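Coordinate inspection notes
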Amino acid sequence: MRIGDLSARTGASRRSLRYYEEQGLLVSSRSPSGQRHYEDEHVQRVRLVQAFLAAGMSSGTIAEMAPCMAEPNVDRARQALEIMGRERARLSEAIDGLAAARDALDGLIEDNHAYLARSGEDGS
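Okay, so let's go over this structure. Just so you know, these numbers come straight off a predicted model, no measurement behind them. (Residues numbered from 1 in each chain as written. Predicted model: local features only at pLDDT ≥ 70, side-chain atom pairs only at ≥ 80, totals over all residues. Heavy atoms only, no water.)

Turning to the nonpolar core, a few remarks are in order. Judged by nonpolar contacts, the single largest core of 15 residues is most densely connected at Leu6, Leu17, Tyr20, Leu26 and Val46. Listing elements by their share of this core, those giving two or more residues are helix 1 (3-10), helix 2 (14-22), helix 3 (41-54) and helix 4 (59-65). Among the elements that line this core, the one with the most residues is helix 3, at 3 residues. (Core = buried A, V, L, I, M, F, W, Y, C linked by side-chain atoms within 4.5 Å. Buried < 20%, exposed > 50% of the residue type's maximum accessible area, 1.4 Å probe, protein only. Helix = DSSP H or I, 4+ residues; strand = E, 2+ residues; numbered from the N terminus.)

Here's what the structure looks like:
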C-alpha cells in the first residue's frame, strides 16, 4: 500500500508517517520511482507507535524499544527489554496517579450530589 493508504487506515498524517520513518520507527520499501510502499503489518506498527507517543514516550525511546526491527541481535534485545521495563514502570506510576485523581474526583462528585440532595436541588 502507498503512504496515502496507510494514512487513511491509521489516521496518521503522511507527514507523521514520514517522521516515523526518519526516526527509525517504520521501514518502508521503495518503488523504482521512489514512492514508499507498506505492508498490512505496518498498520499495526503505526497504531503501536501512536499509542506509545500518546502515553508520553519519545520517538527516541520507542526506537530503542524496537531495535530488532531492522537488525535483530541478542544485545539489542536485552537493551530493549531494559527500556521496556523502565517505560512500563513509568506508565504504571502515571496510571496510579490518574486513578487516584479519578477517585478524588468521584468523592467530590458524591459530596456535591449529597449537598444538592440536602438542598432539594439534586443536579443528577
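On to the side chain of threonine 10, then. Inspection of the secondary structure assignment puts threonine 10 in helix 1. Threonine 10 gets classed as buried once you look at its relative accessible area, which sits at 12%. There is a polar contact of 2.8 Å between the side chain of threonine 10 and the backbone oxygen of leucine 6. Once residues within four sequence positions are removed from consideration, threonine 10 is found in contact with Val43, Val46 and Gln50. (Polar contact = N/O pair within 3.5 Å; in protein donor to acceptor, adjacent residues only side chain to side chain. Contact = heavy atoms within 4.5 Å.)

As a further point, take the environment of arginine 9. When you line up the elements, arginine 9 lands in helix 1. For arginine 9, a relative accessible area of 42% puts it in the partly exposed group. For arginine 9 and valine 43, which are 34 residues apart along the polypeptide, the C-alpha to C-alpha distance reads 6.9 Å. Excluding residues that lie within four positions of it along the chain, arginine 9 makes contacts with Met1, Asp40, Val43 and Arg47.

The next point concerns the environment of leucine 53. In this structure, leucine 53 sits in helix 3. For leucine 53, a relative accessible area of 30% gives the class partly exposed. As for leucine 53 and valine 27, which are separated by 26 residues in sequence, their C-alpha atoms are 18 Å apart.

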